[in-house]
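# Geometric and topological summary
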Amino acid sequence: MTQPHLLSIDHLTAHYGAAQALFGVDLTIDPGETVALVGANGAGKTTLLKCIMGLMKPSAGEVFLEGHDVTGNSPVQMVRQGLALTPEGREVFPHLTVAENLQMGTAALKTGRKEVARRMQAVYDRFGRLAERRDQAAGTLSGGEQQMLAMGRALMARPRLLLLDEPSLGLAPLITDEIFAIIHQLARSGVTILLVEQNAARALSASHKAFLMAGGRIVQQGSSQDLLVDPKLRAAFLGAASKEKPAASRLGAAGLTNIRLEKPDMHRHTFMPDFPDDQALAAHQLTGLQWTVRHAFEGSSFYRQRLEAAGVTPASIRSMEDLRRMPFTTADDLREFYPFPLRAVPFEQIVRIHASSGTTGKRKIIGYTQKDLDDWIHFFARCYEMAGVTPLDRVQIAVGYGIWTAGMGFQLGCEKVGAMAVPVGPGNIDMHLQFMQDVRSTVFCSTASMALLMAEEIHRRGIADKINIRKIIYGSERSSRSMRRKISELFGGAELFDITGLTELYGPGTGIECADHDCIHYWGDYYIMEIIDPETLQPLPDGEWGEMVVTTLCKEAAPLIRYRTRDITRIIPGKCTCGSVMPRHSRIKGRSDDTIKFRGVNIYPSTIDTILSAIPGLGSEYQIVLTRDGSSGKDSMKLVIERGQAVDADRTAELVHETIYQVKRQLLVSIDVELVDYGRLPRTERKSQRVFDSRITDEIV
Ligand code: ZN
C-alpha cells in the first residue's frame, strides 16, 4: 500500500451565496514538500485555503488529512490535527505583546507551560528580531516583523502543514527576501508548506511543485522548475506587463524576466549513489571497466598499442579479474606524450585542460570533456555533502585557482551543493581573516599547513570569538594526528575532513573522510582502486599498505587504466560505522617515489638537481632539509649545498642569492640556502640520501 498524501483535496466546490468560487479543485501535498498555489487576485486561492482550514464550508467535495476525511471540521479541530495558517494581512493582535501573540499559537492546544516556553525560544532562535522585541506591542512592529510574528505564531503549534497566505503582500523587496529565506529554512528543516502567492516567480522558485489557479479552477500543475521555464506558461500566465493582460501584469511585474532558480534543496537532494549492496557496485564497476577499455582502445593510439602488446582486447574483459591482465600507466607516460597524453576523444570534445603543479617543462596536462567536468563537480559536491556542508554554509576557499585543479574543484563543487563560495585563493592571511570575520564563513578549504597557519594567527590576534569556522576541508599533503588536533583546537573545535585527489584523476575530491573520521571514502562508482607492491607490482590483499593504482570507469578525454598514483595507502575492508556504502581507504601515508610535497607543490629532487647544476660555482653534492615549525606550523625547505672545488668562499653570498632566486623563479617556492665547503657532505657508493624530511614525526593514520 502506498503512503497516503499528507493532504488530499478531492473535487472541492465552494460558493459565496449564489456565486460559485471553486469549481471541482483537486490537489495533493506530500510530507516534506513545499507546494505553491499561484494565481491572480480573485482566482480562488484564499477561498481554497479557508476550506482547508475549516474557516469555510465547501458545498461539495472532500478534504483528506493522511487519508482521513476532515471535510467540514472546525478550525480548532484542524489546528489540533496539525494545520496552522498564517493569514493574509498577518492578523496579529496589535495591543498584545510579541510574546503574548506567540502564546496565542498554542491556544487551541493543551500545551504545558514548559513546552510553550521551549517552543517560544525556538521561534526566537529562528526570528532574532522577534526576540529583540518580545515585550513590544505587536501593533508597533513593521510589516515584515508582523509577518515574522504571524509565522512564528503558526509555528508555535508545531504544525505538520503550514499554510502561508500571501506572505510577501505589501512588503518591500528586501523584506520579501528575508521572509523567503525563512520559508526556505523552514522547508529544509522538514516543515510541509502550502504557499499561496501572487508573486508567481517567487513562489515557483521557492517550491517543489505548483498549482496555478484561474477563475476558481486549477488550470496548470507540475514541478515548479518545469513551470518556471515553460515558455507558453510564461507568456500566458506569468508574462510581462501588457495592457491586454492586466491580471498577468502584476505577476509579470514580479520579475519573472529575471528569474533564477533557487539553491538546491539539500533536505531532499543527495549526490550519493544508491547502490543497495556491494554486488550492485561491483556490477557497475565491471560495466565501467568494459566501457573504459573499449573507449581507450578505440580512441587512443597510446592505449591501443599498450593493450595490444599485453594481448588485451575490449571483448576479452569479462570480469574484474581481467583488470590484472592490463598494463600499468605511469606519470612518465603522461610526460612522454606531452602536451596531450592519454587523449581518447577528438580535440573538439575537449572543453578545458588542467595541469598538475610540479616541475618546469614536465607538467602533466589533462584534458576534460564537458561530461568529465560534470562528473567531477558531481562527486565534489558529494564530498561537501559527506562533510555535512549545506546551502546555509559559507565556504572560504584558500587553494590555488587557474591552471591547477584545486580552486576550480572546490569552487564548482561548493556552488553545486548550494553553499556560498568565498573564493579568496591561496596565501594572504590578512585578507582571509578579514573575510572570515566579515562574511562569517563556516567552512575553510586549504592545505593542512595553511589551516594551521591561520589557526595560529587567529590565536595570536585574539579574534577566536569572531570566527565561525566549524569545518575544515584540507588536502594535498600529509598531516599528523597532532597537527589535526592542534588545528581543531585553535579553531574552537572545528571538525577536520581530509580530502583526496590528483589531477590525473579529475582533481581533488575523489574521496573524503566521513563524519566518523576513521577513513577516507572513495568514489567507487567513478574509479576502481587497487593496491600494489611498488617493487613487485603485484596486487596486495585488502588491509595491506602499498601503492594506489586507479582505473577510471567513465572518464572520457583522458581515461586512466591502472594508473600508478605513487600514493601509499591501504584499502580498509568492511563497512564503515557511518553507514556509507562507498568503499574506503586509509589516509595517504606518503609517496612511493621521492617526490617532495612542499606547501602544496610537488617537487622532484631531480628538478632541484637540474637547477643547481646550471649555477656555475656550486658543487654537485647537496641535501634537501624539510622542517616544520612547531608553533607556526609553517614548512621550511633548506638546501645545504657544497661549493664547487676551488671556488672561493667569498663568493658565498652571491651564490646563495642566485640559488634562492633560481629556485623561486622555476619552482615558485621560497627556500633557505646554506653553502658548505667542498667535500663536507657524505658520499656513498649507492644513491646518496638527499632528502631529509622531519616534518612529520608522529603517527599518520
Ligand atoms: Zn564512513
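## Comments concerning the packing of helix H6 (residues 143-155) against helix H7 (residues 173-188)
Contact geometry for H6 and H7: axes closest at 10 Å, N-to-C directions at 15 degrees. The pairing of H6 with H7 is recorded here as roughly parallel in orientation. With respect to the hand of their crossing, H6 and H7 are arranged in right-handed fashion. Between H6 and H7, the residues in contact are Gly144, Gln147, Met148, Met151 and Leu155 and Ile175, Glu178, Ile179, Ile182, Ile183 and Leu186, respectively. Residues that form the contact of H6 with H7 fall into these classes: eight nonpolar, two polar and one charged.

## What about the pairing of strand S18 (residues 507-513)?
Of all seven residues that make up S18, seven are buried, and the element is covered over most of its length. Taken together, the four bridges between strand S17 (residues 495-502) and S18 define a ladder with antiparallel strand orientation. From the neighbouring strand, Leu502 faces S18, where its bridge partner is Gly507. The turn linking S17 back onto S18 is made up of four residues, and Tyr506 within it adopts a positive phi angle of 70 degrees. Sheet topology places S18 next to strand S19 (residues 520-522); three bridges connect them, and they run antiparallel. Along S19, the bridge assignment pairs Ile512 with His521. Two successive antiparallel strands, S18 and S19, enclose a turn made up of six residues, where His517 displays a positive phi of approximately 55 degrees.

## A short note on the coordination of the zinc ion
Protein-derived coordination of the zinc ion comes from Cys514 (SG), His521 (NE2), Cys576 (SG) and Cys578 (SG), at a distance range of 2.1 to 2.3 Å. With four donor atoms in place around the zinc ion and angles of 101 to 115 degrees between them, the coordination shape is tetrahedral. We note that the donor set of the zinc ion lies within a single chain, spaced as C-x6-H-x54-C-x1-C. Remark: Cys578 occurs in the loop between strand S23 (571-572) and strand S24 (584-585) and Cys514 occurs in the loop between S18 and S19; sequence separation between them is 64 residues.

## Focus: empty space enclosed by the protein
Per the counting criterion, the structure on display carries three cavities of 30 Å³ or more. Approximately 50 Å³ is the volume found for the largest cavity. If you go around the largest cavity, the residues you meet are Pro339, Phe340, Pro341, Arg343, Ile350, Ile365, Ile366, Gly367, Ala557 and Ala558.

## So, the pattern of salt bridges
Taken as a whole, this structure holds 34 salt bridges when the rule is applied. With a shortest N-O distance of 2.7 Å, Asp375 and Lys371 are connected by a salt bridge. Taken together, the residues Asp375 and Lys371, both in helix H15 (residues 370-386) and four residues apart, mark about one turn of the helix. With a relative accessible area of 34%, Lys371 lands in the partly exposed category. Among the ionic contacts, a cluster of salt bridges with common partners joins Arg129, Glu132, Arg133, Glu145 and Glu178.

## Quick look at the nonpolar core
In a soluble, globular protein the nonpolar side chains are often hidden away together inside. Counting residues in hydrophobic clusters, the biggest one holds 66 residues, and the most contacted among them are Met326, Tyr384, Val389, Val395, Phe410, Ile473 and Ile512. Ignoring any residue separated from it by four or fewer positions in sequence, one finds Ile473 in contact with Tyr384, Ala387, Val389, Phe410, Val443, Phe444, Cys445, Ser446, Phe497, Ile499 and Ile512. Judged by nonpolar contacts, the second largest core, of 42 residues, contains Val92, Ile193, Leu212 and Leu228.

## Quick notes on unusual backbone geometry
Following Tyr338, the chain continues to Pro339 via a peptide bond in cis, the omega torsion being 5 degrees. One can find Pro339 in the loop between helix H14 (331-336) and strand S11 (352-355). With phi around 50 degrees, Glu166 is a residue other than glycine that occupies positive phi space. Assignment of secondary structure puts Glu166 in the loop between strand S7 (161-165) and H7. Despite not being glycine, Asn428 shows a phi value in the positive range, around 50 degrees. Position of Asn428 relative to the elements: it lies in the loop between strand S14 (420-423) and helix H17 (429-438). Residue class for Asn428 comes out partly exposed when judged on its relative accessible area of 43%.

## Some details on the domain arrangement of the protein chain
According to the domain assignment, the protein chain contains domain 1 (1-82 + 159-224), domain 2 (94-157), domain 3 (271-592) and domain 4 (598-693). Distance from the C-alpha centre of domain 2 to the C-alpha centre of domain 4: 69 Å.

Calculation notes
Residues numbered from 1 in each chain as written. Predicted model: local features only at pLDDT ≥ 70, side-chain atom pairs only at ≥ 80, totals over all residues. Heavy atoms only, no water. Axes fitted to C-alpha atoms, helices over the stretch in contact; angles between N-to-C directions. Helix = DSSP H or I, 4+ residues; strand = E, 2+ residues; numbered from the N terminus. Parallel < 35°, antiparallel > 145°, perpendicular 65-115°, else oblique. Left-handed = near helix turned anticlockwise from the far one by under 90°. Contact = heavy atoms within 4.5 Å. Nonpolar A, V, L, I, M, F, W, Y, C, P; charged D, E, K, R; others polar. Buried < 20%, exposed > 50% of the residue type's maximum accessible area, 1.4 Å probe, protein only. Pairing = 2+ DSSP bridges. Donors = N, O, S within 2.8 Å, 3.2 Å for Na, K, Ca; no water. Tetrahedral: all angles 85-135°; square planar, octahedral: opposite > 155°, others 65-115°. 1 Å grid on protein atoms, 1.4 Å probe; cavity = no way out; pocket = protein on both sides within 12 Å on 5 of 7 lines; lining within 4 Å. Points joined across faces, edges and corners; volume = space filled by probe spheres on them. Salt bridge = Lys/Arg side-chain N within 4 Å of Asp/Glu carboxyl O. Core = buried A, V, L, I, M, F, W, Y, C linked by side-chain atoms within 4.5 Å. Domains from an automatic or database assignment.

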